[in-house]
Amino acid sequence: VSEKGEVYVWGLNACAGAGNLRDELLTNVKSASQPRKILGITDVVKVDVGYVAMIFLTSKGEVYTCYTGFDGYAGANADASASTALQKHAVFSSGTGASDVATGRCHFVASTIAGKVYTWGCPNALGRTYGDNHEPTLLSADMSREFVVSVSAGEYFTLMLTRDGTIYGTGDSNSGQLGTQIAGSKFKTPIRLASSPPRVLAVTAGYQHAAAIARNV
(Lines give C-alpha, C1' and ligand atoms only; values in the text may rest on other atoms or scores of the structure.)
Protein backbone atom coordinates (compact mmCIF):
# COMPACT_ATOMS: atom_id res chain seq x y z
CA VAL A 1 0.00 0.00 0.00
CA SER A 2 1.50 3.35 -1.05
CA GLU A 3 1.31 6.59 0.94
CA LYS A 4 -1.58 7.59 -1.35
CA GLY A 5 -3.53 4.47 -0.42
CA GLU A 6 -2.91 2.76 -3.76
CA VAL A 7 -2.42 -1.02 -3.74
CA TYR A 8 0.22 -2.88 -5.75
CA VAL A 9 0.44 -6.64 -6.23
CA TRP A 10 2.88 -9.05 -7.84
CA GLY A 11 3.05 -12.78 -8.41
CA LEU A 12 -0.04 -14.74 -9.49
CA ASN A 13 -2.64 -12.05 -8.96
CA ALA A 14 -4.97 -10.62 -11.62
CA CYS A 15 -7.26 -8.78 -9.17
CA ALA A 16 -9.16 -5.89 -10.77
CA GLY A 17 -7.23 -6.16 -14.00
CA ALA A 18 -3.91 -5.66 -12.21
CA GLY A 19 -1.60 -5.98 -15.18
CA ASN A 20 -1.65 -8.99 -17.43
CA LEU A 21 -3.83 -11.88 -18.46
CA ARG A 22 -3.90 -14.88 -16.13
CA ASP A 23 -2.23 -17.25 -18.58
CA GLU A 24 0.63 -14.80 -19.15
CA LEU A 25 1.29 -14.50 -15.43
CA LEU A 26 1.53 -18.29 -15.21
CA THR A 27 4.04 -18.61 -18.04
CA ASN A 28 6.04 -15.38 -17.77
CA VAL A 29 7.89 -14.98 -14.48
CA LYS A 30 9.19 -11.58 -15.52
CA SER A 31 5.65 -10.25 -15.97
CA ALA A 32 4.44 -11.87 -12.75
CA SER A 33 7.30 -10.40 -10.71
CA GLN A 34 6.53 -6.78 -11.62
CA PRO A 35 4.41 -4.76 -9.14
CA ARG A 36 1.05 -3.86 -10.73
CA LYS A 37 -1.44 -1.31 -9.41
CA ILE A 38 -4.95 -2.43 -8.47
CA LEU A 39 -7.28 -0.32 -10.58
CA GLY A 40 -10.42 1.35 -9.25
CA ILE A 41 -9.52 1.82 -5.60
CA THR A 42 -7.52 4.36 -3.55
CA ASP A 43 -7.36 5.57 0.06
CA VAL A 44 -6.69 2.02 1.29
CA VAL A 45 -5.46 1.67 4.88
CA LYS A 46 -5.40 -2.13 5.14
CA VAL A 47 -5.25 -5.05 2.73
CA ASP A 48 -5.33 -8.76 3.54
CA VAL A 49 -4.43 -11.55 1.13
CA GLY A 50 -5.97 -15.01 1.37
CA TYR A 51 -5.51 -18.13 -0.70
CA VAL A 52 -7.62 -17.04 -3.69
CA ALA A 53 -8.85 -13.55 -2.79
CA MET A 54 -8.05 -10.12 -1.37
CA ILE A 55 -9.96 -7.72 0.87
CA PHE A 56 -9.39 -3.96 1.20
CA LEU A 57 -10.36 -1.40 3.87
CA THR A 58 -10.38 2.33 3.12
CA SER A 59 -10.01 5.23 5.55
CA LYS A 60 -13.78 5.83 5.22
CA GLY A 61 -14.59 2.32 6.42
CA GLU A 62 -15.46 1.05 2.94
CA VAL A 63 -14.79 -2.60 2.09
CA TYR A 64 -13.82 -4.03 -1.31
CA THR A 65 -12.97 -7.59 -2.33
CA CYS A 66 -11.70 -9.34 -5.43
CA TYR A 67 -10.39 -12.74 -6.50
CA THR A 68 -6.87 -13.29 -7.80
CA GLY A 69 -7.99 -15.53 -10.67
CA PHE A 70 -5.78 -18.46 -9.63
CA ASP A 71 -6.28 -21.70 -7.71
CA GLY A 72 -4.75 -25.14 -7.29
CA TYR A 73 -3.08 -27.28 -4.62
CA ALA A 74 -0.96 -29.58 -6.83
CA GLY A 75 0.16 -26.67 -8.98
CA ALA A 76 -0.97 -23.15 -9.70
CA ASN A 77 -3.47 -22.77 -12.50
CA ALA A 78 -5.57 -19.99 -13.93
CA ASP A 79 -9.15 -20.21 -12.64
CA ALA A 80 -11.30 -18.96 -15.49
CA SER A 81 -14.47 -19.37 -13.41
CA ALA A 82 -13.38 -16.77 -10.83
CA SER A 83 -14.22 -13.15 -11.55
CA THR A 84 -11.34 -10.79 -10.86
CA ALA A 85 -13.60 -7.73 -10.79
CA LEU A 86 -13.31 -5.40 -7.81
CA GLN A 87 -16.48 -5.51 -5.71
CA LYS A 88 -17.59 -2.84 -3.24
CA HIS A 89 -19.84 -4.01 -0.40
CA ALA A 90 -22.54 -1.42 0.19
CA VAL A 91 -23.47 -2.63 3.68
CA PHE A 92 -20.36 -0.87 5.01
CA SER A 93 -21.71 2.67 4.70
CA SER A 94 -20.83 5.65 6.88
CA GLY A 95 -23.14 4.38 9.63
CA THR A 96 -21.71 0.87 9.65
CA GLY A 97 -18.18 1.52 8.41
CA ALA A 98 -15.66 -1.26 8.87
CA SER A 99 -12.76 -1.06 11.30
CA ASP A 100 -10.89 -4.25 10.38
CA VAL A 101 -10.96 -6.88 7.61
CA ALA A 102 -9.49 -10.31 6.89
CA THR A 103 -9.75 -13.15 4.39
CA GLY A 104 -8.98 -16.87 4.66
CA ARG A 105 -8.91 -19.57 2.03
CA CYS A 106 -12.26 -18.53 0.55
CA HIS A 107 -14.13 -16.52 3.18
CA PHE A 108 -14.16 -12.90 4.32
CA VAL A 109 -14.75 -11.23 7.68
CA ALA A 110 -15.07 -7.58 8.72
CA SER A 111 -15.62 -5.85 12.05
CA THR A 112 -17.34 -2.46 12.20
CA ILE A 113 -16.78 0.73 14.16
CA ALA A 114 -19.80 -0.32 16.24
CA GLY A 115 -18.11 -3.57 17.25
CA LYS A 116 -20.24 -5.84 15.05
CA VAL A 117 -18.97 -8.63 12.77
CA TYR A 118 -19.97 -9.55 9.21
CA THR A 119 -18.92 -12.73 7.39
CA TRP A 120 -19.35 -14.07 3.86
CA GLY A 121 -17.81 -16.55 1.42
CA CYS A 122 -17.41 -20.34 1.70
CA PRO A 123 -19.61 -21.51 4.60
CA ASN A 124 -17.10 -23.45 6.73
CA ALA A 125 -15.86 -20.49 8.76
CA LEU A 126 -18.74 -17.98 8.72
CA GLY A 127 -19.96 -18.57 12.28
CA ARG A 128 -23.60 -18.74 11.21
CA THR A 129 -26.11 -21.04 9.55
CA TYR A 130 -28.37 -18.30 8.18
CA GLY A 131 -28.21 -15.56 5.55
CA ASP A 132 -26.64 -15.31 2.13
CA ASN A 133 -23.11 -16.74 2.00
CA HIS A 134 -22.30 -14.49 -0.97
CA GLU A 135 -23.07 -11.21 0.84
CA PRO A 136 -21.78 -9.74 4.12
CA THR A 137 -24.16 -10.92 6.83
CA LEU A 138 -24.22 -9.81 10.46
CA LEU A 139 -23.33 -12.27 13.20
CA SER A 140 -26.35 -11.45 15.31
CA ALA A 141 -27.43 -13.41 18.38
CA ASP A 142 -24.18 -15.22 19.11
CA MET A 143 -22.04 -12.05 19.31
CA SER A 144 -24.68 -9.44 20.16
CA ARG A 145 -23.26 -8.66 23.61
CA GLU A 146 -19.64 -8.41 22.48
CA PHE A 147 -17.74 -5.45 21.03
CA VAL A 148 -15.25 -6.80 18.49
CA VAL A 149 -12.22 -4.62 17.74
CA SER A 150 -10.29 -6.82 15.30
CA VAL A 151 -10.65 -9.95 13.19
CA SER A 152 -8.37 -12.52 11.58
CA ALA A 153 -8.95 -15.43 9.20
CA GLY A 154 -7.16 -18.76 8.79
CA GLU A 155 -7.79 -21.42 6.17
CA TYR A 156 -11.30 -22.39 7.29
CA PHE A 157 -11.59 -20.58 10.61
CA THR A 158 -12.14 -17.07 11.96
CA LEU A 159 -10.88 -15.32 15.09
CA MET A 160 -12.48 -12.25 16.70
CA LEU A 161 -10.91 -10.14 19.45
CA THR A 162 -13.18 -8.16 21.76
CA ARG A 163 -12.44 -4.88 23.46
CA ASP A 164 -11.94 -6.61 26.82
CA GLY A 165 -9.23 -8.87 25.36
CA THR A 166 -11.31 -12.03 24.84
CA ILE A 167 -10.89 -14.20 21.73
CA TYR A 168 -13.82 -15.85 20.00
CA GLY A 169 -13.51 -18.27 17.12
CA THR A 170 -15.58 -20.22 14.63
CA GLY A 171 -15.01 -22.79 11.90
CA ASP A 172 -12.55 -25.69 11.80
CA SER A 173 -10.56 -26.66 14.87
CA ASN A 174 -9.15 -29.90 13.50
CA SER A 175 -5.62 -28.86 14.47
CA GLY A 176 -6.52 -27.15 17.74
CA GLN A 177 -6.57 -23.68 16.19
CA LEU A 178 -9.71 -22.77 18.18
CA GLY A 179 -8.23 -24.04 21.43
CA THR A 180 -10.24 -27.28 21.52
CA GLN A 181 -8.78 -30.75 22.11
CA ILE A 182 -11.27 -32.70 19.99
CA ALA A 183 -9.80 -33.88 16.69
CA GLY A 184 -11.86 -32.94 13.66
CA SER A 185 -14.11 -30.54 15.57
CA LYS A 186 -15.96 -27.79 13.70
CA PHE A 187 -17.98 -24.91 15.11
CA LYS A 188 -20.77 -23.31 13.08
CA THR A 189 -21.34 -20.66 15.76
CA PRO A 190 -18.71 -18.63 17.68
CA ILE A 191 -17.09 -20.10 20.79
CA ARG A 192 -14.94 -18.42 23.40
CA LEU A 193 -11.36 -19.70 23.32
CA ALA A 194 -10.97 -21.05 26.84
CA SER A 195 -7.27 -21.76 26.32
CA SER A 196 -6.33 -18.28 25.12
CA PRO A 197 -4.03 -16.09 27.26
CA PRO A 198 -5.62 -13.38 29.41
CA ARG A 199 -5.87 -9.72 28.39
CA VAL A 200 -5.07 -10.20 24.71
CA LEU A 201 -3.94 -7.14 22.73
CA ALA A 202 -3.87 -8.67 19.23
CA VAL A 203 -4.61 -11.98 17.55
CA THR A 204 -3.73 -13.40 14.15
CA ALA A 205 -4.58 -16.58 12.26
CA GLY A 206 -2.51 -18.64 9.84
CA TYR A 207 -3.20 -21.78 7.83
CA GLN A 208 -4.25 -23.97 10.78
CA HIS A 209 -2.63 -22.11 13.65
CA ALA A 210 -3.01 -18.88 15.62
CA ALA A 211 -0.94 -16.46 17.69
CA ALA A 212 -1.73 -13.68 20.16
CA ILE A 213 0.02 -10.81 21.91
CA ALA A 214 -1.02 -10.45 25.56
CA ARG A 215 -0.38 -7.91 28.30
CA ASN A 216 1.83 -8.90 31.22
CA VAL A 217 -0.40 -10.27 33.95
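Let me sum up the structure you'll find in this document.

What counts, and at which threshold
- Residues numbered from 1 in each chain as written.
- Predicted model: local features only at pLDDT ≥ 70, side-chain atom pairs only at ≥ 80, totals over all residues.
- Heavy atoms only, no water.
- Pairing = 2+ DSSP bridges.
- Helix = DSSP H or I, 4+ residues; strand = E, 2+ residues; numbered from the N terminus.
- Salt bridge = Lys/Arg side-chain N within 4 Å of Asp/Glu carboxyl O.
- Buried < 20%, exposed > 50% of the residue type's maximum accessible area, 1.4 Å probe, protein only.
- Axes fitted to C-alpha atoms, helices over the stretch in contact; angles between N-to-C directions.

## A word on the pairing of strand β18 (residues 210–214)
1) Next: Inspection of the sheet shows strand β17 (residues 200–205) paired to β18 by five bridges, in the antiparallel sense. When the bridges of β18 are listed, Ala-202 appears paired with Ile-213.
2) Next: Hairpin remark: β17 followed by β18, antiparallel, with four residues in the connecting loop.

## Looking at the pattern of salt bridges
1) Next: Under the definition given, this model contains four salt bridges.
2) Next: Lys-88 serves as the salt-bridge partner of Glu-62, at 3.3 Å between the closest nitrogen and oxygen. In this pair, Glu-62 sits in the loop between β4 (53–58) and β5 (63–67) while Lys-88 sits in strand β8 (residues 87–88), placing the two residues 26 residues apart along the sequence.
3) Next: Owing to a relative accessible area of 19%, Glu-62 belongs among the buried residues under this scheme.

## Some points on the sheet that holds strand β14 (residues 157–162)
Sheets are built from strands paired through backbone hydrogen bonds, the pairs being either parallel or antiparallel.
1) Next: Reading across from one edge, β13-β14-β15-β16 is the order of the four strands in this open sheet, with antiparallel pairing throughout. Edge strands, defined here as strands with exactly one partner in the open sheet, are β13 (148–153) and β16 (186–192). Averaged over all adjacent pairs, the angle separating strand axes in this sheet is 10°, with direction ignored.
2) Next: Of the pairings in the sheet, the one linking β13 to β14 comprises five bridges and is antiparallel in character.

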